[in-house]
Amino acid sequence: MLPELRVLYFEDLEVGLTEILRKEISSSDVVGFAEITGDRNPIHLSEHFAARTPFGTRIAHGLYTAGLISAVLGTRLPGPGAVYISQTLNFRAPVRIGDIVEVKVEVAELIPERRRARLACTCSVGDEVVLDGEALVKVPKKEEADPLAMRMGGGRA
C-alpha cells in the first residue's frame with residue numbers, strides 16, 4: 001500500500017501541519033531491505049540467531065524504519081519536488097516483524113529566504129517512540145513547479 005501523492009509548495013506549508021503514515025512491518029519488507037542494501041546482519045534475517053539476542057526475535061533494520069520518514073517527505077509532506085537536505089535520527093527502541101509503525105512528520109519551522117522546512121519526525125509502535133529526529137528539506141514554490149507535479153494535482157489535497 002503506497003501513500004497517495006500530494007504536492008505541497010512552500011506557500012502551502014505552515015508550522016504545525018502534520019502528516020501520518022502507518023505501515024505494518026513484514027518479513028518480506030525486512031528481507032527486501034537486506035537484499036537492496038546488502039545488510040545481511042542475522043538479527044534481521046535469522047529467527048534462530050535473533051532468539052539469542054536481547055530482543056528475542058528478528059528486528060527490522062533501523063534505516064528501514066527511517067526510510068518510512070522518507071516516504072512521507074517524498075509523497076505527502078511536502079511531497080514530490082521536495083529535496084532532502086539533512087536528517088537526524090535517534091534510534092530509541094527496536095521494531096519487530098508484525099509491528100505497526102506510525103510515522104508522524106510535522107512542520108516545526110519555515111525558513112522563507114531559503115525555502116526550507118524543518119520537520120519533526122517521530123516513528124512509534126503503539127505508545128513507544130522507536131525513532132525520532134529532524135529533517136531539513138528544500139520545498140519548491142508554486143511558480144517554479146514542475147509541469148508533472150501540476151498534472152498530479154499540485155496544492156492542497
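Bear in mind that the values here come from a model prediction, so they are computed numbers and not experimental data. (Residues numbered from 1 in each chain as written. Predicted model: local features only at pLDDT ≥ 70, side-chain atom pairs only at ≥ 80, totals over all residues. Heavy atoms only, no water.)

Engineer: What is the right way to read the overall build of the protein from this model?
Structural biologist: In terms of regular secondary structure, the protein is built from 5 helices and 5 strands. Sequence-distant contacts in the protein: of pairs separated by 6 or more residues, those separated by 24 or more amount to 68%. When the accessible area of the protein is evaluated, it comes to approximately 8500 Å², of which 53% is carbon and sulfur surface. (Helix = DSSP H or I, 4+ residues; strand = E, 2+ residues; numbered from the N terminus. Contact = heavy atoms within 4.5 Å. Areas by Shrake-Rupley, 256 points an atom, 1.4 Å probe, with all protein chains shown as cover.)

Engineer: What exactly am I supposed to notice about the packing of aromatic side chains here?
Structural biologist: Tallied over the full model, the rule gives 1 aromatic pair. Their ring planes at 75° and their centres at 5.8 Å tell us that Phe33 and Tyr64 sit as a pair that is edge-to-face. Here Tyr64 lies in helix α4 (residues 62–75) and Phe33 lies in helix α1 (residues 27–37), a separation of 31 residues in the sequence. Just as Phe33 is buried, Tyr64 falls in that class too. (Phe/Tyr/Trp six-rings, centres within 6.5 Å; stacked < 30°, edge-to-face > 60°. Buried < 20%, exposed > 50% of the residue type's maximum accessible area, 1.4 Å probe, protein only.)

Engineer: Please clarify how the UniProt feature "domain: MaoC-like" (unreviewed entry) in the protein should be interpreted in this entry.
Structural biologist: Under the UniProt annotation, the feature "domain: MaoC-like" (unreviewed entry) is placed at residues 23–110. The span residues 23–110 is 39% helical and 25% strand by assignment, and the distance between its end C-alpha atoms comes to 28 Å. (UniProt positions renumbered as here; feature names shortened; annotations may be inferred.)

Engineer: Explain the state of the cysteines to me, please; I cannot follow it from the model alone.
Structural biologist: Two cysteines, two sulfur atoms, one covalent bond between them: this is a disulfide. Scanning the entire structure with this criterion turns up 0 disulfides. Looking at the unpaired Cys121, the closest cysteine sulfur is the one in Cys123, lying at 7.7 Å. Taking the relative accessible area as the measure of exposure, Cys123 reaches 0% and is therefore buried. (Disulfide = S-S within 2.5 Å.)

Engineer: It is not clear to me how α1 should be interpreted in this structure. Could you clarify?
Structural biologist: Because an α-helix packs 3.6 residues into every turn, residues spaced three or four apart end up facing the same way. By the burial criterion, the buried members of α1 are Asp29, Val30, Phe33 and Ala34. Taken around the axis of α1, the buried residues stretch over an arc of 135°, which confines them to a single face. Looking at α1, the residues exposed on the side facing more than 90 degrees away from the buried face are Ser28, Glu35 and Ile36. Residues of α1 that are buried in the fold lie against β1 (18–24), α2 (42–45) and α4. Positioned one or two residues after α1, Gly38 has a phi angle of 85°, which is positive. (Arc of directions from axis to C-beta.)

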